[in-house]
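# Chain and residue survey
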Amino acid sequence: MVSLWEHWRGGMRRGPRFDTVGGPTTYAMELTKRHSTVSLTRQGADSGNLQINLSWRMRSSDLDGRPRRGELLRNPLAMFKPEPVRGHTQGMVTVDLDLACMYELKDGSKGVVQSLGGLLGEINAPPYVKLSGDDRFGGSSGETIYVNLDHKDEIKRLLVFVYIYDGTPAFDRTQAVVTLIPGSGPRIEIGLDERAPEARSCAVLLIEHDNKGHLVARREVRYVYGFQSELDRLYGWGLQWGRGYKNKKAGRT
């Protein structure tokens, strides 16, 4: 499957309402600022296990010289500019991206699924959300959250977010993508490629029911400079946050 980044590097083209990546039989739907919402119900993707995958790769500070997607949108000719000559003293930074999810069920119960504190969730019991794996280095597999959408009527809303627990707060030094992989229907991709060099957390995606009862996914991509408690205040979750731990190292939640 062609990746989101290969799609943009390959040039810009006209397409359907949502940009698609790949061939006619297997493709990914991209959520953007302009087209930020998709109905999982209308896509036939609101049952079975929904996989939410975070993958990323590190890059040095603009060493590759390639224009970012936002720059291509503003100036399509930027892709034809020659790559600037840069010094070799710019080093790689260490960034550990973590995938997590705040949940609220219709019975009023709330919480978070994350590696901090070992709050990995459950897939066949409330909250019907489970985190599998903690990838410290990104890569093709990354980290995955599973959501049991056979219990979608018990779920009020889910906020999928990414945070930097350890290392440098440098979202702009990574090329990260969150991919929704439903049991049926196209994959849905959200790229985290906006410049927010000091941010430590990013609300990526909100999944909830609309006024028609359809389960919808909405792109957020809202960066904050704090941790989970700041995202909580932003979305009015109302949880109590304290100090969390990961691999016997202290961290904040």
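Rules used throughout
- Residue indices begin from 1 for each chain and proceed along its sequence in written order.
- Given that the model is predicted, a residue must reach a pLDDT of at least 70 before its local features are reported, and side-chain atom pairs must reach 80 or more before they are shown or counted; all residues, however, enter totals for whole chains, interfaces and linings.
- Only hydrogens and water are set aside when side-chain values are computed; all heavy atoms of the structure are taken into account.
- Aromatic rings from Phe, Tyr and Trp, with only the six-membered ring used for Trp, were paired whenever their centres fell within 6.5 Å, and each pair was classed as stacked if the ring planes differed by under 30 degrees, edge-to-face if by over 60, and tilted otherwise.
- Numbering of helices and strands runs from the N terminus; a helix is a DSSP stretch of H or I covering at least four residues, while a strand is a stretch of E covering at least two.
- Exposed residues in this analysis have more than 50% of their type's maximum accessible area, buried residues have under 20%, and partly exposed residues fall in between, with area computed by a 1.4 Å probe over protein chains only.
- A ring is scored as having a charge over it whenever the NZ atom of a lysine or the CZ atom of an arginine sits within 6 Å of its centre and within 35 degrees of its normal.
- Criterion used throughout: strands pair if DSSP finds at least two bridges between them.
- Working definition of a nonpolar core: buried Ala, Val, Leu, Ile, Met, Phe, Trp, Tyr and Cys residues. They are joined through side-chain atoms within 4.5 Å.
- The contact definition used throughout considers only heavy atoms, calling two residues in contact when any of these lie within 4.5 Å.
- Only one rule defines a salt bridge in this text: a Lys or Arg side-chain nitrogen within 4 Å of an Asp or Glu carboxyl oxygen.

With that settled, consider the packing of aromatic side chains. The full count for this structure, using the stated rule, is two aromatic pairs. Where phenylalanine 171 meets tyrosine 223, the ring centres are 5.3 Å apart and the plane angle is 70°; that geometry is what we call edge-to-face. Linking phenylalanine 171 in the loop between strand 10 (155–167) and strand 11 (174–181) with tyrosine 223 in strand 14 (residues 215–224), this pair joins segments that are 52 residues apart in sequence. Note on tyrosine 223: relative accessible area 17%, which makes it buried. The ring of tryptophan 237 carries arginine 157 above its face, with NZ or CZ at 3.7 Å from the centroid.

Burial analysis of strand 13 (residues 201–209) places seven of its nine residues in the buried class, the great majority of the element. Sheet analysis places strand 13 next to strand 14, joined by eight bridges and oriented antiparallel. Considered in strand 14, the bridge of cysteine 202 is made with tyrosine 223. Between strand 13 and the antiparallel strand that follows it, strand 14, lie five residues; glycine 213 among them carries a positive phi value of about 85°.

If you trace the backbone, glutamate 198 turns up in the loop between strand 12 (187–192) and strand 13. Placed 26 residues apart in sequence, glutamate 198 and aspartate 172 show a C-alpha to C-alpha distance of 8.8 Å.

To continue, consider the nonpolar core. One finds Ile52, Val147, Val162, Leu180, Leu192, Leu205 and Ile207 to be the most contacted residues of the largest nonpolar core, which totals 42 residues. Among residues more than four places away in sequence, those in contact with isoleucine 207 are Leu50, Ile52, Lys156, Arg157, Leu158, Leu180, Leu215, Val216 and Ala217. Phe161, Ala203, Leu231 and Tyr235 belong to the second-largest nonpolar core, a separate cluster that totals 15 residues.

A complete count under the given rule lists four salt bridges for this structure. Between lysine 156 and glutamate 104 there is a salt bridge, and its shortest N-O distance comes to 3.5 Å. A residue pair is termed long-range when its members are at least 10 positions apart, and lysine 156 in strand 10 and glutamate 104 in strand 5 (residues 95–105) qualify at 52 residues. The exposure class assigned to lysine 156 is partly exposed, which follows from its relative accessible area of 42%. Its salt-bridge partner being arginine 218, residue glutamate 220 comes within 2.7 Å of it at the nearest N-O pair. By relative accessible area, glutamate 220 is classed as buried at 11%.

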